[in-house]
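# Fold and contact review
Each chain, written out:
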Amino acid sequence: MNIAWIYLILAGICEIGWAFGLKYSEGFTKVGVSVVTVIVMILSFVLLSQAMKHLPLGTAYGIWTGIGAAGTAILGIVFLNEPRDFIRIFCILLIIAGVVGLKVFSGAK
């Protein structure tokens, strides 16, 4: 796997991290959580920008947001007791299928 893909996966994981950080920062009123959230947010953007040096924009951005959206939704279900209904899980699977499709058919090495 090319380093750009590794950067992109790490950027997506960081996106999940900062989304959770936003939830727990309580509108940036908790200083410690807020600082960590902003650091992870910046790291996510830096990693995404490194991935975009070698990957098509639409592919990189689509996968980054897909990892973040699906990952955050899954963790919300698991850790925050968010709804687990069939349609919600089906939609998360569609996001994952889109991310996999972008990777498989991206034409990037």
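In case you missed it, the structure is sitting above this.
In every chain, residue numbers begin from 1 and rise along the written sequence. Given that the model is predicted, a residue must reach a pLDDT of at least 70 before its local features are reported, and side-chain atom pairs must reach 80 or more before they are shown or counted; all residues, however, enter totals for whole chains, interfaces and linings. The side-chain numbers reported here are obtained from all heavy atoms of the structure, hydrogens and water having been left aside.

### Examining the packing of aromatic side chains
- Pairing of aromatic rings covers Phe, Tyr and Trp, the last counted by its six-membered ring, and requires centre-to-centre distances within 6.5 Å; plane angles under 30 degrees mean stacked, over 60 mean edge-to-face, and any other angle means tilted. Evaluated as defined, the whole model comprises 4 aromatic pairs.
- Ring centres 5.6 Å apart and planes at 45 degrees place the aromatic pair Y61 and W64 in the tilted group. With Y61 and W64 both in helix α3 (residues 57–79), this residue pair falls 3 residues apart, about one helical turn.
- A centroid spacing of 6.0 Å and a plane angle of 20 degrees characterise the contact between F86 and F90, whose relative ring orientation is stacked. Note that F86 and F90 are positioned in helix α4 (residues 86–104) at a spacing of 4 residues, about one turn of the helix.
- Here the aromatic cluster, defined as three or more aromatic residues joined through ring pairs, consists of F45, Y61 and W64.
- Two conditions define a charge sitting above a ring: the NZ of Lys or the CZ of Arg must be within 6 Å of the ring centre, and it must be within 35 degrees of the ring normal. Geometry around W5 places K103 over its ring, the cationic atom sitting 4.4 Å from the centre. Only DSSP runs of H or I reaching four residues or more are called helices, and only runs of E reaching two or more are called strands; each is numbered from the N terminus.

### A look at the pattern of salt bridges
- Salt-bridge detection follows one rule: a side-chain nitrogen of Lys or Arg within 4 Å of a carboxyl oxygen of Asp or Glu. Per the counting criterion, the structure on display carries 2 salt bridges.
- For K30, the salt bridge goes to E26, with nearest N and O atoms at 3.3 Å.
- The buried label applies to any residue whose accessible area, calculated with a 1.4 Å probe on protein chains only, is under 20% of its type's maximum; exposed applies above 50%, and partly exposed to all values in between. Residue classification places K30 among the partly exposed positions, given a relative accessible area of 38%.
- Since its relative accessible area comes to 48%, E26 is described here as partly exposed.

### A few points about the packing of helix α1 (residues 3–25) against helix α2 (residues 31–51)
- Close contact between α1 and α2 brings their axes to 8 Å; oriented N to C, the two are set at 155 degrees. Judged on the interaxial angle alone, α2 and α1 are roughly antiparallel. Taken as a pair, α1 and α2 cross one another with a handedness that is left-handed.
- Any residue outside Ala, Val, Leu, Ile, Met, Phe, Trp, Tyr, Cys, Pro, Asp, Glu, Lys and Arg is labelled polar, Gly included; the first ten of those are nonpolar and the last four are charged. Considering only residue class, the contact of α1 with α2 consists of 16 nonpolar, 7 polar and 1 charged. Structural elements are reduced to axes, namely lines fitted to C-alpha atoms, with helices fitted over the stretch in contact, and the angle between N-to-C directions of any two is expressed from 0 to 180 degrees. When describing relative orientation, an angle under 35 degrees is termed roughly parallel and one over 145 degrees roughly antiparallel, while 65 to 115 degrees is termed roughly perpendicular and anything else oblique. The crossing is said to be left-handed when, going from far helix to near helix, the turn is anticlockwise and less than a right angle, and right-handed when the turn is clockwise.

### Some words on the side chain of E15
- You can see E15 is positioned in helix α1.
- His is not counted, nor are the chain ends; Lys and Arg add positive charge and Asp and Glu add negative charge. R88 provides the closest opposite charge to the buried, salt-bridge-free E15, at an N-O distance of 14 Å.
- In what follows, a contact means two residues having at least one pair of non-hydrogen atoms within 4.5 Å. For E15, the residues in contact, after removing those within four places along its chain, are S44, W64, T65 and G68.

### As for a nonpolar patch on the surface
- Together, I74, V78, F79, I89, L93, I96, V100, V104 and F105 line one region of the surface with nonpolar side chains, adding up to about 890 Å² of accessible area.
- Inspection of the secondary structure puts I89 in helix α4. Patch definition: residues with relative accessible area over 30% and no salt bridge; like charges joined within 9 Å; nonpolar side chains (Val, Leu, Ile, Met, Phe, Trp, Tyr) joined within 5 Å. A 1.4 Å probe and the Shrake-Rupley method give the accessible areas. Residues count as covered only by the protein chains that appear here.

### Remarks on the packing of α3 against α4
- Interaxial distance between α3 and α4 falls to 9 Å at its minimum, and their mutual angle equals 150 degrees. By the angle between their directions, the pair α3 and α4 is classed as roughly antiparallel. Where α3 crosses over α4, the two elements pack in a sense that is left-handed. Every residue of α4 that contacts α3 at T59, G62, I63, G66, I67, A69, A70, A73, I74 and I77 is listed here: R88, I89, I92, I95, I96, V99, L102 and K103.
- Per-class residue counts for the contact of α3 with α4 are 13 nonpolar, 3 polar and 2 charged.

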